[in-house]
Every structure is written in structure tokens, then in C-alpha cells.
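# Structural characterization, general
Now for the letters of each chain:
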Amino acid sequence: MRGARLWSRHPDEPLVDVKIVDGRIGGISPTAAQAAPPASGLVCLEAGGRVLVPSLAAVHEHFDSSGLGAAFRPHTAGDSLEELIADSRGVWRESSVPLIDRVRIAAVRTIASGATAIRSHVQIDTECRLERFEAMATVRDELAGVVSFEIVAFPQCGYLQDPGSEQLVDEALAAGADLVGGIDPCGLERDARAHLDIVFGLAQKHHVGVDLHLHERGPLGEFTLELVCDRVTALGMQGLVTISHAFALATLEPRPLQRLLGRLAEADIAVTTIAPMETAPLPHALLRETGIRCGLGQDGMRDGWSPWGDGDLLRRTRQLALRSAWSHDEDIELAVDIATRGGRAVLDASQRPRVAMTEDAVSGLAVGAPADLLLVEGTTVTEALMDCGPQRTVVRRGVVVADGGRVLL
Ligand SMILES: [Zn+2]
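To start, this report covers the structure provided alongside it. Source: prediction; values computed, not measured.

What the protein contains, in helices and strands, is twelve helices and 16 strands. Since a compact globule built from 409 residues should have a radius of gyration of about 22 Å, the 21 Å found for the protein is in line with a globular shape. With the C-alpha coordinates of the protein rotated into their principal frame, the extents come out at 70 × 50 × 35 Å. Looking at the 409 residues of the protein, the share that counts as buried comes to 58%. Within the protein, counting contacts between residues at least 6 apart in sequence, those at least 24 apart form 74% of the total. Carbon and sulfur atoms form 53% of the exposed surface of the protein, whose accessible area is close to 16,200 Å². With 39 positive and 56 negative side-chain charges, the protein shows a spacing of 3 Å between the two charge centroids.

Looking now at the coordination of the zinc ion. Protein ligation of the zinc ion involves His60 (NE2), His62 (NE2), His213 (NE2) and Asp299 (OD), the donor distances falling in the range 2.1 to 2.5 Å. Classification of the site at the zinc ion rests on its four donor atoms, whose angles at the metal span 83 to 168°, yielding the label irregular. The sequence motif formed by the donor residues of the zinc ion is H-x1-H-x150-H-x85-D. Remark: His213 occurs in strand β9 (residues 209-213) and His60 occurs in strand β5 (residues 56-61); sequence separation between them is 153 residues. Each member of the pair His60 and His213 is classed as buried.

This part covers the packing of helix α10 (residues 313-323) against helix α11 (residues 329-347). With their axes 9 Å apart at the nearest point, α10 and α11 run at an angle of 135° to one another. The pairing of α10 with α11 is recorded here as oblique in orientation. In the packing of α10 onto α11, the handedness of the crossing is right-handed. Together, Thr317, Leu320 and Ala321 of α10 and Ile332, Ala335, Val336, Ile338 and Ala339 of α11 make up the contact between the two elements. Here the residues of the contact of α10 with α11 are counted per class, giving seven nonpolar, one polar and no charged.

About the cut-offs
- Residues numbered from 1 in each chain as written.
- Predicted model: local features only at pLDDT ≥ 70, side-chain atom pairs only at ≥ 80, totals over all residues.
- Heavy atoms only, no water.
- Helix = DSSP H or I, 4+ residues; strand = E, 2+ residues; numbered from the N terminus.
- Rg over C-alpha atoms; globule rule 2.2 N^0.38 Å.
- Buried < 20%, exposed > 50% of the residue type's maximum accessible area, 1.4 Å probe, protein only.
- Contact = heavy atoms within 4.5 Å.
- Areas by Shrake-Rupley, 256 points an atom, 1.4 Å probe, with all protein chains shown as cover.
- Lys, Arg positive; Asp, Glu negative; His and termini not counted.
- Charge placed at Lys NZ, Arg CZ, Asp CG, Glu CD.
- Donors = N, O, S within 2.8 Å, 3.2 Å for Na, K, Ca; no water.
- Tetrahedral: all angles 85-135°; square planar, octahedral: opposite > 155°, others 65-115°.
- Axes fitted to C-alpha atoms, helices over the stretch in contact; angles between N-to-C directions.
- Parallel < 35°, antiparallel > 145°, perpendicular 65-115°, else oblique.
- Left-handed = near helix turned anticlockwise from the far one by under 90°.
- Nonpolar A, V, L, I, M, F, W, Y, C, P; charged D, E, K, R; others polar.

As C-alpha cells, then:
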């Protein structure tokens, strides 16, 4: 790769060439004024002075509810969780575009925006049964050459509120779902212990990780998180559990928050955020300081829950910086760090960011790191995020998988 701005923090930083060998960064050197032809056996990708960052990881998606690519549908749901669930359950089949095509459109847009790793939840309940899972698994298999793709078997309507869904999630896990989901053990399910018995029972049975939706705020969410920490420790599942949304962490007072963060770090529980509109942002600097892995996703996109979301994870990264009211370059760089290294660490605890991006040979931009890369217009990381330009090139394991908005299948 010739002429890139490597995690550039100043417009005058010199350009570099990045040698990629066997899918990894094999060397980084200043770009010579006179370009020599590439050595034999090498192919040259012109970066054209664009900013080089690690590729994005989209770690909280719901591709099976996406309305992208279909006729626009006005929002009809009420505001409570129960009303949103009921509305989306009633309308998910009503679309001008078949389900599998909507899943594919959402996935492809996400990859074209810069992502080489995806974790999507898929709704499983006693009405849709495994129909949505099967569509998602088909698209996952189609895209296996361009993206790493995990599926969470997600009981959107609850296990206890929708009897029979436990057996269906069990079947999805046997059929290749990668993680077991759960949702609001107190707020929706009204019986935290019974809900967590099911979630962790399925995780143990299938030897998979857990990704739990937790909208519960304040002390209620704190209580649930304490129970989850207890389970993770008792079962030795450190590094295998993610809490999605984790609104409690945005709504607790400083002292209980500090204590809870200590417990989450001890249990090595990750969190994901979607940079939500309706709740304060997570305490991202504190999470990074405490060593808690945190990644970014888009949640639903133009679905029964809301018309927001366009499949562009880089724009969602800008939303994370905007919602956090960040203006300083180092804060805005943290937003990109969360969307790249942060997400990868959610998917694989061994990739936790420990050093500066340009010294990180595990998932950053140093020699030895995987060549999972994103080129985007701009002279610095901050400018690139402010502009979110369309001329992006996405590289996975050293191979260009998307360019200028198109996925190369
Ligand atoms: Zn979600």
C-alpha cells in the first residue's frame, strides 16, 4: 500500500508505505519521492494520501429487522419496550423486499462502510421461530470470504414472556448460532434468576458466549449486572460475556459506578454501545482506563423500532463522538479506536487494546498486526471522521474486500 496517512494526527505528517505479507502488516516505511515499481510478487494499492485506520467492527447489529433497500414505512410503534416489541413482531414480514435480501443489503452496506467483522443478533420467538435465523445464516455463509460474521440467537420477546422460545434458541445454537442472547432479566422478564438460569444454561450446554441486551437503568441495571458478574465468575466464563447497551453504566452515581466497573473488569465482561439518542453516553474514558472492552454497533436500521440507521458504521462512529460532546482530537480518535480495536476486543478478549494504536501489533497499526484496514479521505483521523467521505477502501487479511461503496465478492 503506497502513500497512506497512518493514524495521522496532523495534516503535515509524512506519508508511509505499508508492506502486507501473508495477511499481516509486514513493514512500514516512509513513502519515497520517486515511486519505484513494486517488487516482483507484490501488488501495489495506491492509498492516494488517504488516512489509514484499522477496519471497523460492527458488534451490535440487527440485520434481520432492517428496512434498508425497501419502501419507507412510517413509524407506528409506541414508546415502551413492550410496545416496540409488539409492533415490530407484527410488521416484520410486511416489506416490499424479501427478508433475506434485506439482511444482505444491511450486511453489504456495513461492510462497504468499513467493517470486516460483524456480530448481529437475530430474533427468535414462537411466531417467527427460526425463519429469521435461517436467512441470517445463509447471508453469513455467502459473505464468508469478505467478513467475519457472528450470530447471536436473540429471544427478543423474552424466554419467560414467550414460552417455547428457549427450545427454539437451543435449536438455533445447535444449528450454528455463535452466541446465546438474553434481554432485561428484571424489566421485561420479571425474574432475573430464572432468565439467567436459561441464558447461562444454554451457554454451558453449547459451549458458547453470551451477549445480553440490558436496557435497565440505574440501580435495577446495577442489580442485574451484579448477578451476571456472579455467574461469570462462578462458571469461569471471563472474557466470554458481553452486555449490550448497558444503560446502567450511563445512569449510576459515581461511587456505585466505580464499584460496578471494578466488578465488570474482574469478570472481563465486555460492553457494546450504539451511541443511543435516548440515553446519556457510556463513560468511555473510564471504561478504557478500567480495561473494560467496549465496541460500537448500529442496532436496528430503518425498522419497526426507529427510522434511524443507514448501514454506515463510520457515520455511527461520528455519532458516538457527537453524542459524547467530544471536540478534542484525542477524544474523537477514541471514538474511532472504540469502533475499530474496541469492537475487535469485544469479539476476542485477547485483542484488548493495551498500547497506542501505532505500537499495537495485536489489532492496531504496527508490524505484525492483521492487515484488516480501512482507507478513508482526510488528512487526519479527526478530519476523516468529520467528513465520512465515500472513497473508502476496505482490506481484510491483506485483500481488498470493498472499494468506493461496493463489496467485491
Ligand atoms: Zn439490540
